[in-house]
Amino acid sequence: MRLPSENIQSQLPGLFGSIYTVVRRIPPGRVTTYGSIARHVGCTARTVGFAMAALPSELDVPWQRVINSQGKVSPRRNDDGDIIQRQLLKAEGVFFDPQGRIDLVRYGWDPGMAESG
DNA sequence: TTGTTGACTCTGA
DNA sequence: CTCAGAGCCAACA
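The notes below deal with the structure included here. Each chain carries its own residue numbering, running from 1 in the direction its sequence is written. Whichever chain is written first is A, and whichever ligand is written first is 1; the rest continue in order. Predicted model: local features are reported for residues with pLDDT of at least 70 only, side-chain atom pairs are reported and counted for 80 or more only, and whole-chain, interface and lining totals are derived from all residues. Heavy atoms throughout the structure, all of them, feed into the side-chain values; hydrogens and water do not.

### Observations regarding the packing of helix H2 (residues 14-24) against helix H4 (residues 45-53)
Put simply, the test is: Between N-to-C directions, angles cover 0 to 180 degrees, with each direction set by a line fitted to C-alpha atoms, over the stretch in contact for helices. A run of DSSP states H or I qualifies as a helix once it reaches four residues; a run of E qualifies as a strand once it reaches two. Both are numbered from the N-terminal end. The cut-offs work like this: below 35 degrees is roughly parallel, past 145 is roughly antiparallel, 65 to 115 is roughly perpendicular, and the gaps in between are oblique. Note on contacts: a residue pair is in contact if any heavy atoms of the two residues lie within 4.5 Å. In this classification, the charged set is Asp, Glu, Lys and Arg, the nonpolar set is Ala, Val, Leu, Ile, Met, Phe, Trp, Tyr, Cys and Pro, and all remaining amino acids, among them Gly, are polar.
The N-to-C vectors of H2 and H4 enclose an angle of 85 degrees; their axes lie 10 Å apart at closest approach. If you check the angle between H2 and H4, you find them roughly perpendicular. Counting all contacts with H2, which are made through Leu15, Phe16, Ile19, Tyr20 and Val23, the residues of H4 involved are Thr47, Val48, Phe50, Ala51 and Met52. A class-by-class count of the residues in the contact of H2 with H4 yields 9 nonpolar, 1 polar and no charged.

### Regarding the nonpolar core
Stated formally: Residues grouped as a nonpolar core are buried Ala, Val, Leu, Ile, Met, Phe, Trp, Tyr and Cys residues, joined through side-chain atoms within 4.5 Å. Accessibility here uses a 1.4 Å probe with only protein chains present; expressed as a share of the type maximum, an area under 20% marks a residue as buried, one over 50% as exposed, and anything in between as partly exposed.
The biggest cluster of nonpolar side chains holds 17 residues, and the ones touching the most others in it are Ile19, Tyr20, Val23, Ile37, Val48, Met52 and Val66. Taken together, the elements giving at least two residues each to this core come down to H2, helix H3 (34-41) and H4. Among the elements that take part in this core, H2 stands out by supplying 4 residues, more than any other. With near-sequence residues (within four places) excluded, Val23 lies in contact with Ile37, Met52, Val61, Pro62, Trp63 and Val66.

### Concerning the protein's contact with DNA strand C
Note the threshold: A single heavy atom is enough: if one lies within 4 Å of a molecule or strand, its residue is considered near that molecule or strand. Nitrogen and oxygen atoms within 3.5 Å of one another constitute a polar contact, given that in protein one can donate a hydrogen and the other can accept it, and given that sequence-neighbouring residues count only through two side-chain atoms.
What surrounds DNA strand C is the set Leu15, Thr44, Arg46, Thr47 and Phe50. Within 4 Å of the protein, the atoms of DNA strand C are drawn from sugar and phosphate moieties in a proportion of 80%. In this structure, a sugar or linking oxygen belonging to DNA strand C sits 3.2 Å away from a side-chain N or O atom of Thr44. When residues in the surface near DNA strand C are grouped by element, the largest group, 3 residues, is from H4. A breakdown of the residues in the surface near DNA strand C according to their chemical character gives 2 nonpolar, 2 polar and 1 charged.

### Quick notes on the protein's contact with DNA strand B
The environment of DNA strand B is formed by 16 residues, the closest being Arg46, Asn68, Ser69, Arg76 and Arg77. Restricting attention to atoms of DNA strand B within 4 Å of the protein, one finds that 50% of them are sugar or phosphate atoms. The separation between a base nitrogen of DNA strand B and a polar side-chain atom of Tyr34 is 3.0 Å. Elements with a contribution of two residues or more to the surface near DNA strand B: H3 and H4. Considering every element that reaches the surface near DNA strand B, the biggest residue donor is H4, with 6 residues. Looking at the surface near DNA strand B residue by residue, the class counts come to 7 nonpolar, 6 polar and 3 charged.

It is worth stressing that arrangement in space is one thing and function is another; only the former is reported here.
Listed below in structure tokens is the structure:
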């Protein structure tokens, strides 16, 4: 038996589990793109987006730190999750441009880089 | 098995 | 900057 909330992502099978694990490594106040995660786990950006949409609410995954390559929050289809996403990011100290865009040069984080920076 | 859909990304105009 | 179109892969009926 194992403690919950620490290894749940790792228990998930294959691709989705890998995606969730990467997302969980994103430091607070930082963001990354679907494409970066996709390249890291070896799939396409669409698949990462699909994994986010299929993300179980029980998992403690900072999904709000995943945005698109334009540096903006991707709009949802039937949900206002994008609104919540912006609020969560602002709460972490992420600055939004007047156009609702995030400076990836400043706040961007890549799965390949050290978590220290 | 095929056809459709989706929290994407790139290229061209 | 915006708008369209094509490519991409996984899940579902």
